[in-house]
Amino acid sequence: MVLAVGTKKGGFLFHSADRRKWSVAGPHMPGRAVYHMIVDPRDGRTVYAGAPMTAEPWGPAVYRGRIGSELKSSASAPKFKEGSGLSVTRIWHIEPGPADEPETIYAGVEPAALFRSEDRGDTWEGFDALNYHPTRKDWQPGNGGLCLHSVLVDPRKPKHIVIGISAVGTFETKDGGLSWTTENKGVRAEFMPNRYPEMGQCVHKLAWDAAGDGSIFHQNHCGTYHRGPSGGAWTEVSKGLPSDFGFPIAAHPHEKRTAFVAPLTADVNRVFPKGQMAVWKTSNAGERWRRSTKGLPGPNAFMGVLREGMAVDAGDPLGVYVGTNTGQLFASRDEGDSWKMIADFLPPILSVQAAEAR
Amino acid sequence: MVTHVSPEEVVRTGILVRIPPALRSYTQGQDEVVVEARDVRGLLDALEAAFPGIRDRVMDEAGRRRQYVNIFHNDELTRDPLPDIRLAPGDVVHILPSVAGG
């Protein structure tokens, strides 16, 4: 197993044969804010990362390399069209493409836009119908920026893509990106005069439900949601959680209707409630939630977890991983029932991803 | 054509561009290069032709100088719009990051 961990000051790879003892390699891209770092699950050895080129002032880059080798910037980074007046300032998310397109990757960037590469990041094409969507003039950044951070590519039909943009909402295409619809029905926006606008909801993270039928879990600035296979309105499933605010959501890869969240106190106090770090699990699409704290710090642990800070592996029993914005990395080998800290004193953790190394 | 030359030759042939450490991966480690250009637009074009990718580190795709990248022309900080700033043989251009970040 390998964990790719992006931090505010570089990226790290944690390796383990048994998920008990871990070794660390890194930092890669030292000193740079690595917003997202992954090991490509399709080959188990290619690492991708989004980070500034050399240092923050010089613009963003997509990094690529094999596990164990130096990561190098790809030949080009995603860019808007000349004349658009827009420029990419940060890579927020890198998503592997379909299994039968091993060189395809997607990048979600700031200011919000989606790009696709068919050559592992050397050249990029933008999704113009989304990136220059007629509503773009009304897109307003959230506290973290106008970032496109969630990219769900349907493994059954790769032309079906769902994306999330902070403080703008969820968009969906079923025709490979030629047209996009807003998908925010039923999602609250407490910071808007109309609590249920067509657009403007602050989606924090999206994850496919393992049901494999197109169902989606959704952690929002204002609640936790689930949407069924037929699409349409989201169902709020925040009841039973300690708050309606959190960043990450990770779905079980095999057990349908099962997901993990890490609610924080509130948007005005982004730390775990009562200083007790906790991960909450549902096995029925949010009808009920169960709290897990065994092995997690508290009651004087006042930190948070960012949107990419939670991951699951594909093991049986499932491994779950959480990285905090105070630099601790926790792992569970029993589907989230108990936890063990596997690293401390890292820089603030921006992303965690798990893959089977090959 | 970009080469590493003596100061005397710079005066005769073109603009001396000082390359910051962060961008020397593009210039094969050279800390200064000489280009022939009449203005900053031409300078960036010449740099890009010789060292593909380097212009994107100074200017974004909207044609704006990156926020924390400074260009000094004969030791004076230049102001936008950069591309129209006139240059003359013997001029020296520094590309430097500003003090920013954390």
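Quick notes on the rules
- Residues numbered from 1 in each chain as written.
- Chains lettered and ligands numbered in written order.
- Predicted model: local features only at pLDDT ≥ 70, side-chain atom pairs only at ≥ 80, totals over all residues.
- Heavy atoms only, no water.
- Phe/Tyr/Trp six-rings, centres within 6.5 Å; stacked < 30°, edge-to-face > 60°.
- Helix = DSSP H or I, 4+ residues; strand = E, 2+ residues; numbered from the N terminus.
- Buried < 20%, exposed > 50% of the residue type's maximum accessible area, 1.4 Å probe, protein only.
- Pairing = 2+ DSSP bridges.
- Contact = heavy atoms within 4.5 Å.
- Axes fitted to C-alpha atoms, helices over the stretch in contact; angles between N-to-C directions.
- 1 Å grid on protein atoms, 1.4 Å probe; cavity = no way out; pocket = protein on both sides within 12 Å on 5 of 7 lines; lining within 4 Å.
- Points joined across faces, edges and corners; volume = space filled by probe spheres on them.
- Nonpolar A, V, L, I, M, F, W, Y, C, P; charged D, E, K, R; others polar.
- Salt bridge = Lys/Arg side-chain N within 4 Å of Asp/Glu carboxyl O.
- Core = buried A, V, L, I, M, F, W, Y, C linked by side-chain atoms within 4.5 Å.
- Buried area = accessible area lost by both parts, 1.4 Å probe.
- Polar contact = N/O pair within 3.5 Å; in protein donor to acceptor, adjacent residues only side chain to side chain.

All names here are of chain A. According to the stated counting rule, one finds eight aromatic pairs over all chains in the structure shown. Judged by centre distance (6.1 Å) and plane angle (85 degrees), the rings of Phe-127 and Trp-180 are edge-to-face. Of this pair, Phe-127 sits in the loop between β11 (125-126) and α1 (128-131) while Trp-180 is found in the loop between β14 (169-173) and β15 (181-182), placing the two residues 53 residues apart along the sequence. By the burial criterion, Phe-127 is buried, and Trp-180 matches it. Ring centres 5.7 Å apart and planes at 55 degrees place the aromatic pair Trp-139 and Phe-171 in the tilted group. Taken together, the residues span a long stretch of sequence, with Trp-139 in the loop between α1 and β12 (148-153) and Phe-171 in strand β14 at a distance of 32 residues.

Before going further, it helps to spend a moment on the sheet that holds strand β4 (residues 76-77) of chain B. Where strands meet in a sheet, backbone hydrogen bonds hold them as pairs that are either parallel or antiparallel. Residue and element names in this part refer to chain B. Pairing is mixed across the open sheet formed by five strands, whose spatial order is β2-β1-β5-β3-β4. A strand with exactly one partner marks an edge of an open sheet, and here the two such strands are β2 (32-35) and β4. As defined by bridge partners, strand β3 (residues 69-73) adjoins strand β5 (residues 92-97) across five bridges and the pair is classed as antiparallel. Its bridge partner lying in β5, Ile-71 is registered against Ile-95. Each of β1 (15-18), β2 and β5 is contacted by helix α2 (residues 40-50), which is oriented at about 115 degrees to β2, the strand it contacts most.

Size it by volume and the largest pocket reaches roughly 1,300 Å³. If you go around the largest pocket, you meet 45 residues; those closest to its centre are A:Pro41, A:Glu95, A:Trp208, A:Pro253 and A:Val312. Mapped onto the lining of the largest pocket, the elements with two or more residues apiece are β4 (36-39), β8 (90-96), β12, β16 (203-208), β20 (249-251), β24 (310-312) and β28 (349-355) of chain A. Of the residues contributing to the lining of the largest pocket, the split by class is 25 nonpolar, eight polar and 12 charged. Taken together, 33 residues form the lining of the second largest pocket, with A:Lys79, B:Glu48, B:Arg55, B:Asp56 and B:Met59 sitting closest to its centre. Counting residues per element, the ones that place at least two in the lining of the second largest pocket are β6 (60-66) of chain A together with α2 and α3 (54-58) of chain B. Of the residues that constitute the lining of the second largest pocket, the class distribution is 15 nonpolar, seven polar and 11 charged.

Residues and elements named next belong to chain A. Evaluation of the coordinates by the stated rule reveals 25 salt bridges over all chains. Ionic pairing is found between Glu-183 and Arg-227, a salt bridge with its closest N-O pair at 3.1 Å. Of this pair, Glu-183 sits in the loop between β15 and β16 while Arg-227 is found in strand β18 (residues 223-227), placing the two residues 44 residues apart along the sequence. The same class applies to Glu-183 as to Arg-227, namely buried.

Attention now goes to the sheet that holds β6(A). Residues and elements named next belong to chain A. Spatial ordering of the open sheet is given by β4-β5-β6-β7, a layout of four strands whose pairing is antiparallel. Since the sheet does not close on itself, it has two edges, and those belong to β4 and β7 (72-73), each with one partner. In terms of strand pairing, β4 meets strand β5 (residues 46-52) through four bridges, oriented antiparallel. Residue His-36 lies in a different strand from β5, and its bridge partner there is Gly-50.

A word on the pairing of β14(A). All names here are of chain A. Where burial is concerned, most of β14 is hidden: five out of the five residues are buried. As paired elements, strand β13 (residues 161-165) and β14 share five bridges and run antiparallel to each other. Among the inter-strand pairings, Val-162 is bridged to a residue of β14, identified as Glu-172. Following β13, the chain reverses through three residues before pairing antiparallel with β14; Ala-167 in that reversal takes a positive phi of roughly 65 degrees.

Note on soluble globular proteins: their nonpolar side chains tend to be buried together. Membership of the largest hydrophobic core comes to 41 residues, with the highest contact counts inside it found for A:Met37, B:Leu43, B:Leu47 and B:Ile95. Here this core takes five residues from α2(B), the largest share from any one element. Counting 20 residues, the second-largest nonpolar core is a separate cluster that includes A:Phe247, A:Leu264, A:Met277 and A:Leu296.

Below, the discussion takes up the interface of chain A and chain B. With 16 residues of chain A at the contact, the number on the chain B side is 18 residues. Of the roughly 1,400 Å² buried between chain A and chain B, counting both surfaces, carbon and sulfur atoms make up 55%. Our enumeration of links across chain A and chain B arrives at one salt bridge. With its nearest N and O atoms 2.9 Å apart, the salt bridge here joins B:Asp56 to A:Lys79. In this structure, the connection of chain A to chain B is made through nine residue pairs in polar contact (both at pLDDT 80 or more). Per-class residue counts for the side of chain A that touches chain B are nine nonpolar, four polar and three charged.

Structural measurements only, silent on function.
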